[in-house]
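Residue-level structure breakdown
This is what each chain is made of:
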Amino acid sequence: MVQRQTRRTFIREAGVTTATLPFIWNLASLGFAKPNRRKQRLIIMFSPNGVVPTQFWPKEQGTAFQLPPILSPLEPFKDRTLVLNGICNKVRGDGDSHMRGMSCLLTGIELFPGNIQGGSHTPAGWPRGLSIDQEIKNYFQDRADTQTRFGSLEFGVAVPHRADPWTRMVYAGPNKPLVPIDDPYQMLRHMYGQVQDQKSLKIVLDDVCKDLKKIRTMVSAEDRKLLEEHETFVREMEKELQASQIDSSKFPTPFLDKGVKNVNDNIPKLSRMQIDLLVNGLVCDFMRVATLQYTNSVGSSHMRWIGIDESHHELSHHPDSNKESQKMLTKINTWFCEQLTYLVQKLADTPEPDGDGCLLDNTTVIWTNELGKGNSHTLNNIPFVLVGGGMRFRMGRSLRYKNIAHNRLHLSLAHAVGHRLKTFGKPKLCDGGVLPDLV
Amino acid sequence: MAKHIDIRVVPRVLWFQSSIRLLIAMGLIGLLASSLAASDQQVSGKKIYQEQCAECHGAKGQGVDEHYSEPIGGQQSLEQLFEIIDGTMPEDDPERCEAEHARRVAKYIFDTFYNASQRAKIEHPSVALARLTVRQYKNTVTDLLARFAGDRSPDKQRGLQGRYYKAKNFRGDKKVFQRVDSRVAFDFGESSPDADKIGKAEFSIQWQGGIIAEDTGDYTFCVKTENGAKLWINDKTKPLVDAWVRSGDQTEHSATIRLLGGRAYYLRLDYFKFKEKTASISLQWQPPHKAREIIPERNLSPVGFPWRLVVDTEFPPDDSSVGYERGTSVSKSWDQATTYAAIEVANKVVARLVLLSGCKENDPKRQARLKDFCYRFVSLAFRRQLSAEQKQFFVDRQFKQSADLSSAVKRVVLLALKSPRFLYPGIRSGAPDDYDVASRIALGLWDSLPDSVLWQAASQGKLRTAEQVARQAKRMVRDPRTRAKLRYFLHHWLDYDRAENLAKDKKLFPEFDSVLASDLRTSLDLFLDDVIWSGDGDCRNLLLSDAMFVNKPLARFYDIQVPVADDFVKVTCDPAKRAGVLTHPFLMATFAYHKSSSPIHRGVFVVRSLVGRALKPPPIAVAPLDEGLDSKMTTRERVALQTKPAACNTCHALINPLGFSFEHYDAMGRYREREKDRPIDASGAYRTLAGKRVTFTGARQLAEYLARSDEVHRTFVEQLFHSVVKQPLAAYGPKTLEELTKSFEETDFNVQKLLVTIINKTVFWKPGNRG
């Protein structure tokens, strides 16, 4: 789907019609349309199989708290971090905990009955509603001052190539899973292909004209007219391309290392490439919403680069008493937190292209998981770690809620961008409204 | 011409002039002609014309700008031309023109420049440089890439290969049996495909093979199941429909893909049942212009096919103002479309570079091998061997100037597809060389580029004689791509475009729905294929055959006895009631109104498409008479009344008597004996170009006359020629039409042979050579 992005789908995504832009290359102008209002951005990062609670949750509440081992990489950003404990995925119904953990994580609504059977519970299908990132994306895309070329981009790292409730968390609507792009080269094409095509085209058209001149002498005077007419069209296109030249300082095409294969052992490299692209997309204002999905629910990566040969999912099933496994799981989750920190650091290091401060000032990154804890498969105490100022929440705190449905967090996100929804996902789970004490 | 009855106004051939215009023109000069011709009995038609007509009409009837600029020409018979001159000129006093003088002028005009072949001598239409038409462009690109990805035509086998497993995944050790299924439409209920060998709780089936597309356009594929399924079409790497996860009560999953006709594509359907109460699956599609149906056996192949690149970019339509699509003009939007298409193809090629070039990414000789791929790509695109200089310009330079190999390939593809050498296959200054001949054959028969066999013949200098060309053409005529092209022509000939959204009054005819209309279309398609491609291929059977293809709903609706069958079967009808395409209910319903038949539409169809005579737009606006005008008045009477004014009669005297012979067929093409409780009057008549009057009663007699008619043969040849060559026939010499028609008649009206003859008549053409 993505690599076949045609000009038409681009125009559709850009929300412009062919009538206004007869030949659309001028991406830059689309990218920087509305500089006035302060931007708000949302990035949701996912890692699977639960966490090690003792190594993850801060013991203290409020502003004076220590970051436990797993969260320790975030130390430089502690004052911009908000850890939310006590938020639970209370969606029940068909599907095992992994499936509901994943597919109800951002949708907050039940799965349809279906034919996908997990380790336990009844078989299920896709969720009955869209995910919160898409809800916010739609809200942004409906408004001229927040509209962007893509609205949202769905990044993945090592996501298995099959579509089921364990591998998808982003939904455009009921039964409409969106595919995360986990190949950075494919993502690059998706984001910058048009710009590259334009460059090649410019050079090629010059050669086409040279050739046309040669050919003109080969045909009769009568037929020559047709070729001359043709040549004027080619010249016109050349001129249009010239006129729409892209300001490459504002619009840098990121450089990716070549030939990084999409395999388990390259996950660290792939992770950085994807994060680099994601931040690039924000700089270009291609989108205000993004997701970054590491593997999938029941993700089974083998993190050999930190000395762990066993599969992540298998380890997550081991009992708490298995100290060795607990250590490894802590290591794994710390690695994920390092990826989060790399992203956050990049956002902090990148100035807002058309305003004050840095990207992080106007971006909230949420790190979450489909389970609270791997071996119990609990959907209580789902990890939600927020970093950055996009949602204007009061940061630098550790909060402990009491068994609150995660739908209310989603509601809070929507309200934070001005989208005053009454409910999101399953209405009953929204009782009480937005989360208290966030702003 | 505001509110006339809905008749197509575009003439099939431009230069034919209208009788109406002629009337006016003759009126202007009539006065002079008659006063001069007063007493001299010996004055010749030529002299009368030169002295009195030429001033306004030009010495050769070509027209004179400040007087009457249109050339004189038309489709009336000599007798009719005489009647027009005698009866209408001079305008103020027709009585003053002596019949004998009018006859002489008419004869002179008629013999010298009035009819088409005479006109051709004067006007010297020429073969113009043409770009690829849209159809040619898309076919060419697809077939070009197929030279790399591999190509295969379907063999005679039909159906899909089905592998049945007793588990939900396709594990080899769980396979129970394998068979060819004629189509995928199974309802297993609460049971399994085989109660003895396969448990009902859990099983899976994998179907593999190909899908055969007959027409070019958008195909919507639909998998209907309450279980899980995934469908791949053309692209093995990504499912077109992914319904593996059943979710809620969703049971229909569809997606659309563009396919080119005359080609077959990879198809795979994976299906599994797990724990659901019931199991069923059906594989359906909605082909272009048709209703959704279960994919019939004739469109399925148990063998697979390689991936094809199909261009999705939209192009502006080609100019078809002369009755056939041709590429003799360019526009900005066309040029843009070629740019977008080139970008699309370049991206798709780079995405599949390993498959297309056969060169792995870690190949140590990758650069050299990709260059070879590019030489070949450009060479195929230009339909000839490349010179050293061309290799340098189109490939080597691009590699030198590119940062990496895939952008080099991209640039080569862009440059080749934007090059006039690709876009204008006819560029040539002198006599055609072997590759030009090959290119013309392939464009003529396939609207595409030469295949490897034809290419080889060109490279070996084996396309230099008529026999050699005929050998290749005969081989290529049997290819599905010729079928697709001929079908495209026949659709045009039979005005299929009119039938888009064919519908009838829902209150009066609730049974006539879109599915029935779609079945009618299929029925006629099957008939056309049958006449042209099986048996002796005698084209006259298009008019004479009493065969019809029907399925159960059609048989029921049209009251035809059929053997029990799921699909279409060929049946023989009462020859008095059915005659080939003419009375086929698809055409009869198309050339009809919402509630009633339309003798005018039917007559116009015969005049234009069969006897090949031009009709101009109606001269005056006439609102159609209401069908409910008089409860006793038949359609025939109403039409006669409506077209009674003299201004209507120049054309309707020709149209109506032909159209009336179809009155046995109602608005949906059902046969009837009576209308409004009165017996049908289906008597009709026709006056030939030579002035001979023919009469007949009913469509069968009309069909028999038309099948014998030289005019019909000539028209068919001319129309087919234009569709094949896309250049004016007359440009190939004044005798070409006669020769082709004669050859058509001598080869028992076999259309395949006619195609070969047309190819041979045209492939050696060179500038300045007129047949």
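Residues numbered from 1 in each chain as written. Chains lettered and ligands numbered in written order. Predicted model: local features only at pLDDT ≥ 70, side-chain atom pairs only at ≥ 80, totals over all residues. Heavy atoms only, no water.

**Let's talk about the packing of aromatic side chains**
Residue and element names in this part refer to chain B.
- Taken as a whole and assessed by the stated rule, the structure comprises 44 aromatic pairs over all chains.
- Where Tyr137 meets Phe315, the ring centres are 4.8 Å apart and the plane angle is 50°; that geometry is what we call tilted. Remark: Phe315 occurs in the loop between strand E12 (300-301) and helix H7 (332-351) and Tyr137 occurs in helix H6 (residues 134-149); sequence separation between them is 178 residues. Each member of the pair, Tyr137 together with Phe315, is buried.
- Taking the centre distance of 5.3 Å and the plane angle of 80° together, the rings of Tyr165 and Phe170 count as edge-to-face.
- On the basis of relative accessible area, Tyr165 is assigned to the buried category, the value being 6%.
- One aromatic cluster is present, formed by Tyr164, Phe177, Phe186, Phe188, Phe203, Trp207 and Tyr271 through successive ring pairs.
- Its end group placed over the ring of Trp232, Arg268 keeps NZ or CZ at 3.9 Å from the ring centre.
- One cation-aromatic arrangement involves Arg481 over Trp446; the distance from NZ or CZ to the ring centre is 3.8 Å. (Phe/Tyr/Trp six-rings, centres within 6.5 Å; stacked < 30°, edge-to-face > 60°. Helix = DSSP H or I, 4+ residues; strand = E, 2+ residues; numbered from the N terminus. Buried < 20%, exposed > 50% of the residue type's maximum accessible area, 1.4 Å probe, protein only. Lys NZ or Arg CZ within 6 Å of the ring centre and 35° of its normal.)

**A closer look at helix H8 (residues 267-283) of chain A**
Residue and element names in this part refer to chain A.
- The terminal C-alpha atoms of H8, which comprises 17 residues, lie 24 Å apart, in line with the 24 Å expected from a rise of 1.5 Å per residue.
- Burial analysis of H8 places 13 of its 17 residues in the buried class, which makes it a mostly covered element.
- Asp285 sits one or two residues past H8 and shows a positive phi near 55°. (Expected span 1.5 Å × (residues − 1).)

**Looking at the interface of chain A and chain B**
- Taken together, the contact pairs 48 residues of chain A with 56 residues of chain B.
- Summed over both partners, the interface of chain A with chain B comes to about 4,400 Å²; 59% of that surface belongs to carbon and sulfur atoms.
- For the pair chain A and chain B, the interface holds six salt bridges.
- The partner of A:Asp207 in a salt bridge is B:Arg397, and the shortest N-O contact between them spans 3.2 Å.
- At the boundary of chain A with chain B, the tally comes to 20 residue pairs in polar contact (both at pLDDT 80 or more). (Contact = heavy atoms within 4.5 Å. Buried area = accessible area lost by both parts, 1.4 Å probe. Salt bridge = Lys/Arg side-chain N within 4 Å of Asp/Glu carboxyl O. Polar contact = N/O pair within 3.5 Å; in protein donor to acceptor, adjacent residues only side chain to side chain.)

**Side note on the pattern of salt bridges**
- Following the criterion strictly, the structure yields 72 salt bridges over all chains and no others.
- The partner of A:Asp320 in a salt bridge is A:Lys373, and the shortest N-O contact between them spans 2.8 Å. Of this pair, A:Asp320 sits in the loop between helix H9 (312-317) and helix H10 (323-349) while A:Lys373 sits in the loop between strand E9 (363-368) and strand E10 (384-387); the two residues are 53 residues apart in sequence, bridging distant segments of the chain.
- The class of A:Asp320 is partly exposed, set by a relative accessible area of 35%.
- Given a relative accessible area of 19%, A:Lys373 falls into the buried group.
- The closest approach of N and O atoms between B:Asp447 and B:Lys485, which form a salt bridge, is 2.8 Å. Residue B:Asp447 is located in the loop between helix H13 (434-446) and helix H14 (452-459), and its partner B:Lys485 is located in helix H16 (residues 480-493); the two are separated by 38 residues in the primary sequence.
- Here the salt bridges do not stand alone but share partners, grouping B:Glu214, B:Asp215, B:Lys290, B:Arg487, B:Asp525 and B:Asp529 into one network.

**Quick look at a negative patch on the surface**
- A surface patch of like charges, here negative, comprises A:Asp309, A:Glu310, A:Glu314 and A:Glu324.
- When its relative accessible area of 35% is taken as the criterion, A:Glu310 is described as partly exposed. (Patch = residues over 30% accessible without salt bridge, like charges linked within 9 Å, V, L, I, M, F, W, Y side chains within 5 Å. Areas by Shrake-Rupley, 256 points an atom, 1.4 Å probe, with all protein chains shown as cover. Lys, Arg positive; Asp, Glu negative; His and termini not counted. Charge placed at Lys NZ, Arg CZ, Asp CG, Glu CD.)

**Topic: the pairing of strand E4 (residues 202-213) of chain B**
Residues and elements named next belong to chain B.
- Burial of E4 is extensive: ten of the twelve residues sit out of reach of the surface.
- Here five bridges tie strand E1 (residues 160-165) to E4, and the two strands are oriented antiparallel to one another. Across the sheet, residue Tyr165 finds its bridge partner in E4, namely Ser204.
- Relative to strand E9 (residues 263-274), E4 runs antiparallel, the two being bridged by twelve bridges. When the bridges of E9 are listed, Ala213 appears paired with Arg263. (Pairing = 2+ DSSP bridges.)

**As for the domain arrangement of chain A**
- Here chain A is described as being made up of domain 1 (1-23 + 183-261) and domain 2 (34-182 + 286-430).
- Relative placement of domain 1 of chain A and domain 2 of chain A: their C-alpha centres are 39 Å apart. (Domains from an automatic or database assignment.)

**Some details on the environment of B:Phe591**
Residue and element names in this part refer to chain B.
- Within the fold, Phe591 resides in the loop between helix H20 (585-590) and helix H21 (599-610).
- Distance from Phe591 to Val180, taken between C-alpha atoms, is 41 Å for residues 411 residues apart in sequence.
- Look past the residues within four positions of Phe591 in its chain and what remains in contact with it is Leu494, Asp495, Arg498, Ser598, His601, Arg602 and Phe605.

**Focus on the packing of helix H6 (residues 184-216) of chain A against H8(A)**
Residues and elements named next belong to chain A.
- Two numbers describe how H6 lies on H8: the axes approach to 10 Å, and their chain directions differ by 10°. Relative to H8, H6 is oriented roughly parallel. As for the relative orientation of H6 and H8, their crossing is left-handed in sense. Counted together, Pro184, Tyr185, Met187, Leu188, Met191 and Tyr192 of H6 and Leu270, Met273, Gln274, Leu277, Asn280 and Gly281 of H8 form the full contact between these two elements.
- Residue composition of the contact of H6 with H8, grouped by class: nine nonpolar, three polar and no charged. (Axes fitted to C-alpha atoms, helices over the stretch in contact; angles between N-to-C directions. Parallel < 35°, antiparallel > 145°, perpendicular 65-115°, else oblique. Left-handed = near helix turned anticlockwise from the far one by under 90°. Nonpolar A, V, L, I, M, F, W, Y, C, P; charged D, E, K, R; others polar.)

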